[in-house]
Structures are given as structure tokens and as C-alpha cells.
Amino acid sequence: MSNDKNQGFGTRAIHAGQVADPSTGAIMTPIYQTSTYVQKSPGVIVGEYDYSRAANPTRAALEANLADLEGANHGLCFASGVAATSAVLHLLSSGDKVLLGDDVYGGTNRLFNRVFNQLGIETVHVDMTDLDALKDAMDERVKLIWLETPTNPTLKIADIAAVSEIAKSNNVILAVDNTFATPFLQNPLALGADIVCHSTTKYIGGHSDSIGGALLTNSDELHQKLKFIQLSVGAVPGINECFLLLRSTKTLHVRMERHCENAAKVANWLDNHEHVERVIYPGLESHPQHELAKKQMSGFGGMITMYLKGGLEESRTMLEHTKLFACAESLGGVESLIEHPAIMTHASVPPAMREQLGISDNLIRLSVGIEDVDDLIADLENAICATMKSGAAV
Ligand code: P1T
């Protein structure tokens with residue numbers, strides 16, 4: 001098994017956590033499609049495994065691979081990104097408080113505010129780009145800070161190292177959802193985070209064919225607690241999903257390079273378009289945290305958020321007229337997607353909060369895929385043109 005931390009990301013993506021199958025030499029980790037394992041005598045197991053909710057060799061290879069890519073000692077995989085998030089929330093008890101980034105995936109907002117609040121866990125939203133606001137929100141009941149960076153969908157960038165200092169001085173766990181950046185572009189643990197969360201459904205999976213989540217940590221104590229939750233709550237991924245993800249991580253670095261390259265070109269093109277009001281992309285100098293993004297990330301990612309000139313009608317027309325950019329929820333696949341956060345991914349965020357965050361009717365989110373970028377730009381041009389022809393554009 002290759003676990004050489006000095007090797008480059010691509011080498012580790014392809015080899016870390018994986019060995020040729022000892023019984024056949026199969027170079028790819030087999031799909032161990034088994035729920036249970038025969039024991040020699042009650043309680044005397046043959047190898048390391050007794051039941052697949054607890055552990056499975058295909059999942060173990062994936063967990064080791066993802067841990068390596070995040071520079072973590074431990075990895076745990078879950079049935080979805082939301083299941084991974086829930087596992088972290090299960091660390092808390094009734095009466096505890098969480099400081100949650102104000103801009104997060106709509107399903108994350110819903111989980112904190114409409115599921116775990118019923119178990120007595122209070123959520124306070126904080127703009128994580130405002131460190132003074134974070135310090136002000138801190139009190140002795142706060143046990144967890146949860147943030148995304150870049151955020152979904154307004155792509156705000158939080159200073160992970162600075163937030164981590166505040167977390168440490170208050171004895172609070174810092175969890176960073178690194179789904180948008182991926183371990184190729186950003187490693188929150190190296191910047192002081194305690195837990196990294198991924199929706200592997202997105203860039204890590206990369207082919208829009210599986211749902212999954214992962215948690216990575218360097219803390220033995222947190223790992224033991226989270227592993228106990230994984231076993232006890234049981235939201236583990238299917239083995240075929242694990243196999244698909246193991247295949248996907250082998251190309252993560254190559255895909256991410258192309259996502260970043262394409263997104264930069266699309267963002268620049270949109271930025272100069274007369275019917276686009278504003279483009280948010282961490283790689284643009286106009287992005288409020290562009291300098292921080294340059295420091296904290298090794299690339300700016302494949303996500304772009306834009307404000308089209310006009311309102312709901314114009315946005316609808318644009319989303320109905322793209323042909324390559326499929327109108328769909330999710331992100332991070334090789335194919336480009338376009339969506340309307342206010343109606344789709346962030347519909348569960350209360351309207352007042354959406355307004356405060358700028359998730360308005362003319363906000364459109366693009367997940368720029370790895371197709372030929374000129375074709376992507378032509379597709380967007382046609383769709384924006386359609387909003388003008390329909391008389392919708394202003
Ligand atoms: O869908 P699931 O695998 O459960 O992941 C949830 C999740 C967690 N974190 C972030 C940053 C996410 O974006 C998501 C899911 N997001 C979408 C489905 C979306 O279109 O934004």
C-alpha cells in the first residue's frame with residue numbers, strides 16, 4: 001500500500017490506501033459485496049471484518065484513500081454528504097450551540113435548523129468572513145463551528161487558519177465542508193480544522209453517478225467517536241458506491257485542473273457580458289476575498305455564481321435554453337450544470353435569509369464541467385441571447 005506523504009497528489013490519488021488483491025493479484029480493489037464474514041468460532045474472526053456496517057474492505061480502501069488526500073490520519077465514509085454532516089452533529093448534546101456559516105447548502109441549513117434543533121441543539125448563523133462577528137457569537141455553550149469555503153452558492157471565502165485560532169482558543173471543534181474546493185485545491189486540516197467533510201457526490205465522485213459523504217480527521221479521539229456514530233447510526237455507503245469513488249479519485253487531480261481552467265475562462269467571459277450584472281468567482285480580482293483565496297487555495301475551482309440582468313423570467317428563460325449546461329441540482333460532475341438556487345438547491349432556506357444572502361431571483365449557479373470551453377461559452381451565449389429575444393432581458 002502506498003502511503004508516502006511526500007508523493008504528489010496525483011500519485012497518492014491513484015495509489016493511496018490500495019493494494020493488489022492478495023488472493024488474485026487484481027490491481028483494482030474488488031467490490032466485496034458481502035454483508036457478513038464467517039467466523040472460526042463465536043467472536044473469533046478470520047481477518048479484520050465481522051459485519052459490513054462496521055467495516056468492509058472496499059470501503060476501508062476508500063476511507064484510507066480519502067484520508068490520505070486530505071492529509072488526515074483517519075477517514076470515514078457515509079451514505080451521503082448530509083449523513084456525514086449528521087454524524088458530526090451527533091457529537092453534540094441537547095443544550096449545545098453551533099455557529100454555522102450563514103451561506104451553506106440548503107440541505108445543511110435544513111438539517112441544523114429543522115432536525116437537530118428539535119433535539120435541543122441551537123444553531124446561530126454567522127458570516128464566517130467576519131471574524132469579529134464570529135468572536136462576538138462565541139459563548140460557553142458553543143461546541144462546534146461549521147463552515148463551507150467557498151460557500152454554496154455565493155462563493156464566500158472564510159479564512160480557515162484565522163477561524164481555527166478562534167475555535168482553539170474557545171475549545172470548540174472546527175468542521176469545514178470542503179466539497180466545493182476538494183482536497184486537490186484546499187486542505188483545511190493543515191490550516192487547523194479538526195474535521196473535514198465532503199459530499200463525495202460532487203467533485204470526488206465527479207461523474208454524477210453516486211451519492212456519498214466522508215469525514216476526515218487527525219484526531220484519534222474524534223475519529224473514535226465518529227466511528228462509533230457511523231456504526232451505531234448506520235448511514236454507511238453501499239459497496240458499489242465505494243468502488244465507483246475509488247475509481248473516481250484516480251482522476252480527481254486531472255479533472256480539477258480542467259474544471260479550474262474552464263471556469264476561469266467562463267467567468268472572465270461572463271464578467272464582460274453586457275447582460276450579466278455581476279459574476280462571483282474566487283479567481284476574479286473583483287471577488288471580495290480574492291487575495292485570501294489565492295493564499296488558501298491552489299486554484300479557484302469550477303463553480304461560478306452570476307447575477308443575470310433582470311429577474312425570475314429572465315433567469316427561467318436562460319435555464320430553459322442552455323443545451324450543454326443541464327438544468328439540474330448538484331455540481332462537480334464532468335458535465336456542466338446550471339441551476340437556480342432560490343427555486344432549487346436553497347428553496348429550504350427561509351426567504352428572509354435568502355434575501356439577506358443575495359440569493360435572489362436573478363442569481364444563477366454554474367458548475368462548469370470539463371467539456372471544450374468554447375462550446376460551453378457558445379451555449380451560454382445562446383441562452384443569454386434567448387433571454388433578450390424573448391423580450392425578457394432589460
Ligand atoms: O447531497 P449530499 O451528498 O447529501 O451532500 C450534501 C451537501 C453537503 N455540502 C455541500 C457543500 C453541498 O453542496 C451538498 C449538496 N449540494 C447540492 C446537492 C447542490 O446542488 O448544491
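K.L.:
Hey, could you go over the site of the ligand for me, with residue numbers and the actual values?
P.N.:
In the vicinity of the ligand there are 18 residues, among which D177, S199, T201, S330 and R365 approach most closely. Within the contact set of the ligand, an oxygen atom lies 2.9 Å away from a side-chain nitrogen or oxygen of N152. Between the ligand and T201, the relevant distance is 2.6 Å, taken from an oxygen atom to a side-chain nitrogen or oxygen of the residue. Compared with its free state, where it exposes 480 Å², the ligand has 93% of that area covered by protein. Split by residue class, the shell around the ligand holds four nonpolar, nine polar and five charged. Per-domain counts for the shell around the ligand show at least three residues from each of domain 1 (9–249) and domain 2 (252–389).

K.L.:
Provide a residue-level description of the domain arrangement of the protein, including the pertinent values.
P.N.:
A common way to state how big an interface is: give the accessible area lost once the parts meet. Domain boundaries assigned for the protein yield domain 1 (9–249) and domain 2 (252–389). For domain 1 versus domain 2, the separation of C-alpha centres amounts to 26 Å. Considering only the side of domain 1, the residues that lose the most area to domain 2 are I157, L185 and Y203, jointly responsible for 23% of the buried surface there. Our count for the contact surface shared by domain 1 and domain 2 stands at zero salt bridges. The tally of links between domain 1 and domain 2 comes to 20 residue pairs in polar contact (both at pLDDT 80 or more).

K.L.:
How would you sum up the sheet that holds strand β5 (residues 122–126)? Please name residues and give values.
P.N.:
One open sheet accounts for seven strands, arranged β3-β9-β8-β7-β6-β4-β5; its pairing is mixed. In the strand order of this sheet, the two ends are held by β3 (74–78) and β5, each with one partner. This sheet shows a mean twist of 20° between the axes of neighbouring strands, independent of strand direction. Sheet topology places β3 next to strand β9 (residues 213–217); five bridges connect them, and they run antiparallel. Opposite C77, over in β9, you have A214 as the bridge partner. Docked against the sheet, helix α8 (residues 220–233) engages β3, β7 (173–177), β8 (195–199) and β9, running at close to 20° with respect to β3.

K.L.:
Please give an account of the packing of aromatic side chains that cites residues and values.
P.N.:
What the rule picks out here adds up to four aromatic pairs. Relative to F184, the ring of F9 lies with its centre 5.1 Å away and its plane at 65°, an arrangement referred to as edge-to-face. Here F9 is found in helix α1 (residues 9–15), whereas its partner F184 is found in helix α7 (residues 182–185), with 175 residues between them in sequence. An identical accessibility class is assigned to F9 and F184; each is buried. Measuring from centroid to centroid gives 6.4 Å for Y281 and F300, while their planes differ by 70°, and the two rings are edge-to-face. Here Y281 is found in the loop between β10 (276–280) and α11 (290–296), whereas its partner F300 is found in the loop between α11 and β11 (303–308), with 19 residues between them in sequence. We classify Y281 as buried; its relative accessible area is 3%.

About the criteria used
- Residues numbered from 1 in each chain as written.
- Predicted model: local features only at pLDDT ≥ 70, side-chain atom pairs only at ≥ 80, totals over all residues.
- Heavy atoms only, no water.
- Near = heavy atom within 4 Å.
- Polar contact = N/O pair within 3.5 Å; in protein donor to acceptor, adjacent residues only side chain to side chain.
- Areas by Shrake-Rupley, 256 points an atom, 1.4 Å probe, with all protein chains shown as cover.
- Nonpolar A, V, L, I, M, F, W, Y, C, P; charged D, E, K, R; others polar.
- Domains from an automatic or database assignment.
- Buried area = accessible area lost by both parts, 1.4 Å probe.
- Salt bridge = Lys/Arg side-chain N within 4 Å of Asp/Glu carboxyl O.
- Pairing = 2+ DSSP bridges.
- Helix = DSSP H or I, 4+ residues; strand = E, 2+ residues; numbered from the N terminus.
- Axes fitted to C-alpha atoms, helices over the stretch in contact; angles between N-to-C directions.
- Contact = heavy atoms within 4.5 Å.
- Phe/Tyr/Trp six-rings, centres within 6.5 Å; stacked < 30°, edge-to-face > 60°.
- Buried < 20%, exposed > 50% of the residue type's maximum accessible area, 1.4 Å probe, protein only.

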